[in-house]
Amino acid sequence: MPFASVNGIDFYYESHGEGPPVAFAHGVGGNHVAWYQQVPFFSRNYRVITMDQRGFGQSPDVNGYGRGSFVDDLRELLDQLGVGKVSLVAQSMGGSTCMGFTVRYPERVSALVMGDTLTGVQLPDDLREKQRANGEATRDLSQLERVVSKTLPLRDPAKAELYLQIASFNKNNENRFNQPSGSVTAEPITMDGVVAAAAKVPMLFLVGEDDILSRAEFTRAAAQIVPNARFAMIPNSGHSPYFEQPDVYNYEVARFLEQVLPRE
(Lines give C-alpha, C1' and ligand atoms only; values in the text may rest on other atoms or scores of the structure.)
Protein backbone atom coordinates (compact mmCIF):
# COMPACT_ATOMS: atom_id res chain seq x y z
CA MET A 1 0.00 0.00 0.00
CA PRO A 2 1.34 3.49 -0.80
CA PHE A 3 2.47 5.36 2.28
CA ALA A 4 4.69 8.44 2.43
CA SER A 5 6.61 9.60 5.49
CA VAL A 6 4.96 12.98 6.02
CA ASN A 7 5.68 15.19 9.01
CA GLY A 8 6.27 12.30 11.36
CA ILE A 9 3.46 9.98 10.29
CA ASP A 10 2.83 7.23 7.75
CA PHE A 11 0.58 9.13 5.38
CA TYR A 12 -1.67 7.07 3.12
CA TYR A 13 -2.29 8.22 -0.45
CA GLU A 14 -3.15 6.81 -3.87
CA SER A 15 -2.26 8.01 -7.37
CA HIS A 16 -4.28 7.00 -10.44
CA GLY A 17 -3.95 7.88 -14.10
CA GLU A 18 -1.72 10.29 -15.97
CA GLY A 19 -1.99 13.92 -16.95
CA PRO A 20 -2.27 17.21 -15.06
CA PRO A 21 -2.35 16.38 -11.33
CA VAL A 22 -5.56 16.87 -9.34
CA ALA A 23 -5.56 16.23 -5.57
CA PHE A 24 -8.78 15.53 -3.66
CA ALA A 25 -9.15 16.40 0.06
CA HIS A 26 -12.02 14.68 1.87
CA GLY A 27 -14.35 15.87 4.62
CA VAL A 28 -14.93 14.66 8.18
CA GLY A 29 -17.08 11.74 7.07
CA GLY A 30 -14.64 10.67 4.40
CA ASN A 31 -11.19 9.34 3.62
CA HIS A 32 -9.56 8.38 0.33
CA VAL A 33 -12.35 5.85 -0.36
CA ALA A 34 -14.96 8.61 -0.46
CA TRP A 35 -13.79 9.56 -3.96
CA TYR A 36 -14.51 6.13 -5.48
CA GLN A 37 -16.96 7.72 -7.93
CA GLN A 38 -14.47 10.39 -8.99
CA VAL A 39 -11.28 8.34 -9.40
CA PRO A 40 -12.32 6.32 -12.50
CA PHE A 41 -13.87 9.40 -14.12
CA PHE A 42 -11.05 11.89 -13.66
CA SER A 43 -8.16 9.43 -14.01
CA ARG A 44 -8.97 9.13 -17.72
CA ASN A 45 -7.53 12.61 -18.26
CA TYR A 46 -5.72 13.56 -15.06
CA ARG A 47 -3.35 12.18 -12.48
CA VAL A 48 -5.75 11.76 -9.55
CA ILE A 49 -4.23 11.93 -6.06
CA THR A 50 -6.39 10.91 -3.10
CA MET A 51 -5.30 10.75 0.52
CA ASP A 52 -6.26 9.98 4.07
CA GLN A 53 -5.67 13.21 5.94
CA ARG A 54 -4.00 12.68 9.32
CA GLY A 55 -6.32 11.06 11.82
CA PHE A 56 -8.53 9.64 9.06
CA GLY A 57 -8.53 6.27 7.32
CA GLN A 58 -5.04 4.78 7.36
CA SER A 59 -3.11 7.95 8.32
CA PRO A 60 -2.74 7.87 12.11
CA ASP A 61 -2.05 11.18 13.84
CA VAL A 62 0.55 9.62 16.14
CA ASN A 63 2.26 12.93 16.98
CA GLY A 64 -0.99 14.79 17.61
CA TYR A 65 -0.45 17.63 15.15
CA GLY A 66 -4.12 17.61 14.21
CA ARG A 67 -5.81 19.68 11.55
CA GLY A 68 -3.28 22.47 11.95
CA SER A 69 -0.85 20.32 9.98
CA PHE A 70 -3.13 19.59 7.02
CA VAL A 71 -1.57 22.22 4.75
CA ASP A 72 1.97 21.19 5.64
CA ASP A 73 1.05 17.54 5.10
CA LEU A 74 -0.28 18.30 1.62
CA ARG A 75 2.83 20.26 0.70
CA GLU A 76 5.12 17.48 1.90
CA LEU A 77 3.14 14.83 0.03
CA LEU A 78 3.19 16.80 -3.22
CA ASP A 79 6.92 17.44 -2.83
CA GLN A 80 7.60 13.74 -2.37
CA LEU A 81 5.47 12.89 -5.40
CA GLY A 82 7.33 15.44 -7.52
CA VAL A 83 4.19 17.50 -8.12
CA GLY A 84 5.10 21.14 -8.56
CA LYS A 85 1.69 22.52 -9.52
CA VAL A 86 -1.67 20.94 -8.83
CA SER A 87 -5.41 21.47 -9.05
CA LEU A 88 -7.18 21.00 -5.72
CA VAL A 89 -10.67 19.66 -5.06
CA ALA A 90 -11.94 20.07 -1.51
CA GLN A 91 -14.93 18.66 0.32
CA SER A 92 -16.16 20.22 3.57
CA MET A 93 -13.27 19.91 6.10
CA GLY A 94 -10.89 19.57 3.16
CA GLY A 95 -11.61 23.21 2.37
CA SER A 96 -9.26 24.34 5.13
CA THR A 97 -6.55 22.14 3.60
CA CYS A 98 -7.02 23.29 0.02
CA MET A 99 -7.82 26.96 0.57
CA GLY A 100 -5.08 27.16 3.19
CA PHE A 101 -2.59 25.68 0.71
CA THR A 102 -3.81 27.99 -2.06
CA VAL A 103 -3.49 31.14 0.05
CA ARG A 104 -0.01 30.13 1.22
CA TYR A 105 1.27 28.77 -2.11
CA PRO A 106 -0.81 30.26 -4.95
CA GLU A 107 2.04 29.69 -7.39
CA ARG A 108 1.62 25.93 -6.88
CA VAL A 109 -2.14 25.78 -7.54
CA SER A 110 -3.60 25.59 -11.04
CA ALA A 111 -7.25 25.66 -9.95
CA LEU A 112 -9.30 25.26 -6.77
CA VAL A 113 -12.72 23.68 -6.23
CA MET A 114 -14.33 24.39 -2.85
CA GLY A 115 -17.07 21.78 -2.48
CA ASP A 116 -19.69 22.50 0.21
CA THR A 117 -17.18 24.34 2.30
CA LEU A 118 -16.13 27.67 3.71
CA THR A 119 -14.19 25.85 6.43
CA GLY A 120 -11.33 27.82 7.93
CA VAL A 121 -12.08 31.06 6.06
CA GLN A 122 -12.60 34.16 8.20
CA LEU A 123 -15.87 35.37 6.73
CA PRO A 124 -17.34 38.86 7.01
CA ASP A 125 -19.20 39.43 10.29
CA ASP A 126 -22.73 39.05 8.93
CA LEU A 127 -21.98 35.85 7.04
CA ARG A 128 -19.98 34.42 9.94
CA GLU A 129 -22.90 35.02 12.30
CA LYS A 130 -25.29 33.25 9.93
CA GLN A 131 -22.91 30.32 9.73
CA ARG A 132 -22.58 30.21 13.52
CA ALA A 133 -26.35 30.22 14.03
CA ASN A 134 -26.79 27.52 11.41
CA GLY A 135 -24.14 25.41 13.11
CA GLU A 136 -26.01 25.62 16.40
CA ALA A 137 -29.29 24.69 14.70
CA THR A 138 -27.81 21.58 13.06
CA ARG A 139 -25.46 20.44 15.82
CA ASP A 140 -27.69 17.70 17.27
CA LEU A 141 -28.72 16.10 13.98
CA SER A 142 -27.51 12.62 13.12
CA GLN A 143 -24.60 12.23 10.75
CA LEU A 144 -26.78 11.22 7.81
CA GLU A 145 -29.20 14.09 8.46
CA ARG A 146 -26.27 16.48 8.31
CA VAL A 147 -24.41 15.23 5.27
CA VAL A 148 -26.91 13.98 2.69
CA SER A 149 -30.31 15.09 1.47
CA LYS A 150 -33.43 13.87 3.24
CA THR A 151 -34.36 11.80 0.21
CA LEU A 152 -31.18 9.72 -0.17
CA PRO A 153 -31.93 7.17 2.61
CA LEU A 154 -35.34 6.64 1.00
CA ARG A 155 -34.37 6.41 -2.67
CA ASP A 156 -31.02 4.66 -2.16
CA PRO A 157 -30.73 3.20 1.36
CA ALA A 158 -27.72 1.07 0.40
CA LYS A 159 -25.77 4.14 -0.66
CA ALA A 160 -26.71 5.96 2.54
CA GLU A 161 -25.42 2.99 4.51
CA LEU A 162 -22.21 2.99 2.47
CA TYR A 163 -21.55 6.57 3.54
CA LEU A 164 -21.70 5.54 7.20
CA GLN A 165 -19.48 2.53 6.57
CA ILE A 166 -16.82 4.68 4.88
CA ALA A 167 -16.90 7.09 7.83
CA SER A 168 -16.50 4.22 10.30
CA PHE A 169 -12.83 3.82 9.31
CA ASN A 170 -11.97 7.26 10.72
CA LYS A 171 -10.45 6.74 14.14
CA ASN A 172 -10.99 10.31 15.32
CA ASN A 173 -14.66 10.70 14.39
CA GLU A 174 -15.75 10.79 18.03
CA ASN A 175 -13.53 13.83 18.64
CA ARG A 176 -13.70 15.26 15.16
CA PHE A 177 -14.49 18.84 16.14
CA ASN A 178 -11.53 19.26 18.52
CA GLN A 179 -7.81 19.56 18.06
CA PRO A 180 -5.88 16.87 19.95
CA SER A 181 -3.51 17.91 22.70
CA GLY A 182 -0.14 18.98 21.34
CA SER A 183 -1.64 19.94 17.98
CA VAL A 184 -0.23 22.73 15.87
CA THR A 185 -2.41 25.71 15.08
CA ALA A 186 -3.47 26.32 11.51
CA GLU A 187 -2.76 29.73 10.05
CA PRO A 188 -5.92 31.82 9.76
CA ILE A 189 -7.34 32.07 6.26
CA THR A 190 -8.36 35.70 5.89
CA MET A 191 -10.77 36.88 3.23
CA ASP A 192 -8.06 39.28 2.06
CA GLY A 193 -5.80 36.27 1.57
CA VAL A 194 -8.49 34.46 -0.41
CA VAL A 195 -9.07 37.50 -2.63
CA ALA A 196 -5.33 37.86 -3.24
CA ALA A 197 -5.00 34.17 -4.13
CA ALA A 198 -8.00 34.40 -6.47
CA ALA A 199 -6.08 36.92 -8.57
CA LYS A 200 -3.74 34.04 -9.49
CA VAL A 201 -5.86 30.91 -9.05
CA PRO A 202 -9.25 30.19 -10.72
CA MET A 203 -11.80 29.16 -8.07
CA LEU A 204 -15.11 27.31 -8.20
CA PHE A 205 -17.44 27.31 -5.20
CA LEU A 206 -19.77 24.32 -5.51
CA VAL A 207 -22.62 23.31 -3.19
CA GLY A 208 -25.51 20.87 -2.92
CA GLU A 209 -28.90 22.53 -3.31
CA ASP A 210 -30.17 20.94 -0.08
CA ASP A 211 -26.97 21.31 1.97
CA ILE A 212 -27.98 22.23 5.52
CA LEU A 213 -24.41 22.64 6.83
CA SER A 214 -22.86 24.92 4.19
CA ARG A 215 -26.07 26.37 2.85
CA ALA A 216 -26.21 27.36 -0.79
CA GLU A 217 -26.98 30.99 0.04
CA PHE A 218 -23.88 31.20 2.26
CA THR A 219 -21.67 29.64 -0.39
CA ARG A 220 -23.05 31.91 -3.10
CA ALA A 221 -22.51 34.98 -0.91
CA ALA A 222 -18.90 34.02 -0.24
CA ALA A 223 -18.25 33.33 -3.92
CA GLN A 224 -19.56 36.79 -4.79
CA ILE A 225 -16.89 38.35 -2.57
CA VAL A 226 -14.08 36.57 -4.43
CA PRO A 227 -13.17 38.24 -7.75
CA ASN A 228 -13.81 36.04 -10.79
CA ALA A 229 -14.89 33.08 -8.67
CA ARG A 230 -17.46 30.75 -10.18
CA PHE A 231 -20.46 29.23 -8.44
CA ALA A 232 -22.34 26.00 -9.17
CA MET A 233 -25.22 24.31 -7.36
CA ILE A 234 -25.93 20.58 -7.56
CA PRO A 235 -29.68 19.76 -7.45
CA ASN A 236 -31.17 16.97 -5.33
CA SER A 237 -28.14 16.79 -3.08
CA GLY A 238 -27.19 17.65 0.47
CA HIS A 239 -23.73 18.31 1.90
CA SER A 240 -22.04 15.55 -0.14
CA PRO A 241 -22.90 15.94 -3.84
CA TYR A 242 -19.68 14.17 -4.86
CA PHE A 243 -21.19 11.07 -3.22
CA GLU A 244 -24.90 11.64 -3.79
CA GLN A 245 -24.97 13.06 -7.33
CA PRO A 246 -21.58 12.04 -8.77
CA ASP A 247 -22.49 12.41 -12.45
CA VAL A 248 -23.54 16.05 -12.06
CA TYR A 249 -20.69 16.78 -9.66
CA ASN A 250 -18.09 15.26 -11.97
CA TYR A 251 -19.50 17.19 -14.91
CA GLU A 252 -19.32 20.53 -13.11
CA VAL A 253 -15.77 19.97 -11.82
CA ALA A 254 -14.52 18.62 -15.15
CA ARG A 255 -16.07 21.51 -17.07
CA PHE A 256 -14.38 23.99 -14.75
CA LEU A 257 -10.99 22.33 -15.07
CA GLU A 258 -11.27 22.11 -18.84
CA GLN A 259 -12.07 25.81 -19.04
CA VAL A 260 -9.32 27.11 -16.76
CA LEU A 261 -6.37 24.76 -17.22
CA PRO A 262 -3.97 25.55 -20.07
CA ARG A 263 -4.28 23.26 -23.03
CA GLU A 264 -1.22 21.29 -24.03
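Each remark here, short or long, concerns the structure printed above.
Residues numbered from 1 in each chain as written. Predicted model: local features only at pLDDT ≥ 70, side-chain atom pairs only at ≥ 80, totals over all residues. Heavy atoms only, no water.

(A) The arrangement of the sheet that holds strand β5 (residues 86-91) in detail. As summarised here, the arrangement of the eight strands in space is β1-β2-β4-β3-β5-β6-β9-β10, forming an open sheet in which the pairing is mixed. Among the strands making up the open sheet, the edge pair consists of β1 (3-6) and β10 (230-234). Pairs of neighbouring strands in the sheet enclose a mean axial angle of 25 degrees, with direction left out of account. With six bridges connecting them, β5 and strand β6 (residues 109-115) associate as parallel partners. Paired with Ala90 across the bridge in β6 is Met114. Helix-sheet contacts for helix α3 (residues 94-104) involve β3 (21-25), β5, β6 and β9 (203-208), and the interaxial angle to β5 is about 150 degrees. (Pairing = 2+ DSSP bridges. Helix = DSSP H or I, 4+ residues; strand = E, 2+ residues; numbered from the N terminus. Axes fitted to C-alpha atoms, helices over the stretch in contact; angles between N-to-C directions. Contact = heavy atoms within 4.5 Å.)

(B) Seen up close, the pairing of strand β4 (residues 47-51). Of all the five residues making up β4, four are buried; the element is thus mostly covered by neighbouring parts of the structure. Relative to β4, strand β2 (residues 9-16) runs antiparallel, the two being bridged by four bridges. Residue pairing for β4: Glu14 is matched across the bridge by Thr50. (Buried < 20%, exposed > 50% of the residue type's maximum accessible area, 1.4 Å probe, protein only.)

(C) Highlighting the pattern of salt bridges. In this structure the tally under the stated criterion is eleven salt bridges. The shortest N-O distance in the salt bridge between Asp73 and Arg54 comes to 2.7 Å. With Asp73 in helix α2 (residues 70-80) and Arg54 in the loop between β4 and α2, the pair connects residues that are 19 residues apart, well separated along the chain. For Arg54, a relative accessible area of 2% gives the class buried. Here Arg255 makes a salt bridge to Glu252, at a shortest N to O gap of 2.8 Å. Residue Arg255 and its partner Glu252 are both found in helix α11 (residues 246-260); the two are separated by three residues, about one turn of the helix. Residue classification places Arg255 among the partly exposed residues on the basis of a relative accessible area of 35%. (Salt bridge = Lys/Arg side-chain N within 4 Å of Asp/Glu carboxyl O.)

(D) Representation of the nonpolar core. In this structure, Leu88, Met99 and Met203 are the most contacted members of the largest nonpolar core, which totals 41 residues. Beyond its immediate stretch of four places on either side in the chain, Leu88 contacts Ala23, Leu74, Cys98, Phe101, Thr102, Val109, Ala111, Leu112 and Val113. The next biggest cluster of nonpolar side chains, apart from the first, holds 31 residues, and it includes Trp35, Ile166, Leu206 and Val253. (Core = buried A, V, L, I, M, F, W, Y, C linked by side-chain atoms within 4.5 Å.)

(E) Representation of a nonpolar patch on the surface in the model. A cluster of nonpolar side chains, namely Val33, Tyr36 and Leu162, defines an oily patch on the protein surface of about 220 Å² accessible area. As for its placement among the helices and strands, Leu162 is situated in helix α7 (residues 157-167). (Patch = residues over 30% accessible without salt bridge, like charges linked within 9 Å, V, L, I, M, F, W, Y side chains within 5 Å. Areas by Shrake-Rupley, 256 points an atom, 1.4 Å probe, with all protein chains shown as cover.)

(F) Representation of the packing of aromatic side chains in the model. Applying the stated criterion across every chain yields a total of eleven aromatic pairs. Judged by centre distance (4.9 Å) and plane angle (45 degrees), the rings of Trp35 and Tyr242 are tilted. Of this pair, Trp35 sits in the loop between β3 and α1 (39-42) while Tyr242 sits in helix α10 (residues 241-244); the two residues are 207 residues apart in sequence, bridging distant segments of the chain. The pair Trp35 / Tyr242 is uniform in exposure class, with both members buried. For the pair Tyr242 and Tyr249, a centre-to-centre distance of 6.4 Å together with 65 degrees between the ring planes defines the contact as edge-to-face. The exposure class assigned to Tyr242 is buried, which follows from its relative accessible area of 3%. The structure contains a cluster of three or more aromatic residues connected by ring pairs, namely Phe24, Trp35, Tyr36, Phe41, Phe42, Tyr46, Tyr163, Tyr242, Phe243 and Tyr249. Lying across the ring of Phe243, Lys159 places its NZ or CZ 5.4 Å from the centre. (Phe/Tyr/Trp six-rings, centres within 6.5 Å; stacked < 30°, edge-to-face > 60°. Lys NZ or Arg CZ within 6 Å of the ring centre and 35° of its normal.)

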